[in-house]
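Below, each chain spelled out in residue letters.
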Amino acid sequence: MKVVMIITHKKIKLTFLTLLISTGIFAQDLAGFFRMLSKMTVIDDCIFTIEYLYTFYKDTLGNPPFSEKYQLDVGHKYSRYYSLYGEQADSLRVTATKAFNVYKELGLGSNETISYADCHYNYPKKGILTVSVGYISHFIYEEEMPVMEWRIIQDDTTTILGYPCNKACVRFRGRDYIAWFTSDIPISYGPWKFNGLPGTILLIAESSGHFEWRVTRMYRAKERKILINDMEKTNSYQLSRKDFLKIERKFWEDPVSLYLTANRQFYVYKNGKFIEAKPGDVKIPYIPPLELE
């Protein structure tokens, strides 16, 4: 059975959007969202940049993993972790005079992707993590900076990019991770939501091998600003983290219901013809999201 999602242009309900956009699997399926640089607000100056290669699996069918370049901009007061490809795509669209394939323009491979999922550390105040996600529209949720109970293994060491690293383990929201961090660079947060170690994480991987972040380079930034999508200037919606977890779980369980909620059509190709799907007809074999609880 071949699954085909037919997207219409009917008005989308907010309840559907809160269900839909929290998961990065729609990055290539849902067109139309990008951040307008003119509506981004400067909140700090960047003094140090760390680039990560994020590798992850989208399905349980044995297909090769996907990858995306992420960047952590560290400021005096705030810091931002975001997709480097997403930022480059924004810049391309600003100067575009005609339609184009952003993946082709950026020279991305078939297993490279673009997403819009930013983490802002200590914003809008110390101890708060602000997460923003965008595909069709822009959504934001805030949470207290997660407390992680790291177990540091002092006698297990390695070297990454010339930096001496110690091993640390943590269980976070249903998944187990092994990290390698260096105390030579005293940045205690990033990538993603990871924080609390006495140094910078240069490599962290989930125990099943489904998710990995690996540093590719680090440097002192010059004249770079730390930005955030301004809720005052954009059609943004504020949600809770719990809503995101419900959304992700619902998508794997019954994606057809989500499309029907948005007055959109969902077809499957079966026995030589297209058939309109009903709730429960399709279950997506994707890897569950990062946060299982």
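Residues numbered from 1 in each chain as written. Predicted model: local features only at pLDDT ≥ 70, side-chain atom pairs only at ≥ 80, totals over all residues. Heavy atoms only, no water.

What about the overall build of the chain?
Okay, step 1: A tally of regular secondary structure across the chain gives five helices and 16 strands.
Okay, step 2: Relative to its full complement of 293 residues, the chain shows a buried share of 51%.
Okay, step 3: A sequence separation of at least 24 residues applies to 63% of the contacts in the chain between residues at least 6 apart.
Okay, step 4: Total accessible area on the chain stands at roughly 14,800 Å², and carbon and sulfur atoms take up 51% of it. (Helix = DSSP H or I, 4+ residues; strand = E, 2+ residues; numbered from the N terminus. Buried < 20%, exposed > 50% of the residue type's maximum accessible area, 1.4 Å probe, protein only. Contact = heavy atoms within 4.5 Å. Areas by Shrake-Rupley, 256 points an atom, 1.4 Å probe, with all protein chains shown as cover.)

A few points about the environment of Pro164
Okay, step 1: Counting through the fold element by element, Pro164 comes out in strand β9 (residues 163–172).
Okay, step 2: Taking the C-alpha atoms as reference points, Pro164 and Phe181, 17 residues apart in sequence, are found 8.1 Å from one another.

Observations concerning the pattern of salt bridges
Opposite charge on two side chains permits pairing when their charged atoms draw close.
Okay, step 1: What the rule picks out here adds up to 14 salt bridges.
Okay, step 2: The partner of Glu143 in a salt bridge is Arg173, with the nearest N and O atoms 2.7 Å apart. Here Glu143 is found in strand β7 (residues 138–144), whereas its partner Arg173 is found in the loop between β9 and β10 (175–182), with 30 residues between them in sequence.
Okay, step 3: A relative accessible area of 10% places Glu143 in the buried class.
Okay, step 4: Among the residues examined, Arg173 registers a relative accessible area of 17% and is labelled buried. (Salt bridge = Lys/Arg side-chain N within 4 Å of Asp/Glu carboxyl O.)

Some details on the confidence of the model for the chain
Okay, step 1: Averaged over every residue, the pLDDT of the chain is 81; residues scoring 70 or more account for 78%.
Okay, step 2: The low-confidence segment residues 4–32 (pLDDT under 50) makes 78 contacts with residues lying over four places distant or belonging to another chain. (pLDDT = per-residue confidence, 0-100.)

Side note on the nonpolar core
Okay, step 1: Formed by 47 residues in total, the largest nonpolar core has its most connected members in Tyr81, Trp150, Tyr177, Trp192, Phe194 and Trp213.
Okay, step 2: Of all the elements, strand β2 (residues 40–56) adds the most residues to this core, at five residues.
Okay, step 3: Counting residues in each nonpolar core, the second largest holds nine residues, with Val256, Phe266, Val268 and Ala277 among its members. (Core = buried A, V, L, I, M, F, W, Y, C linked by side-chain atoms within 4.5 Å.)

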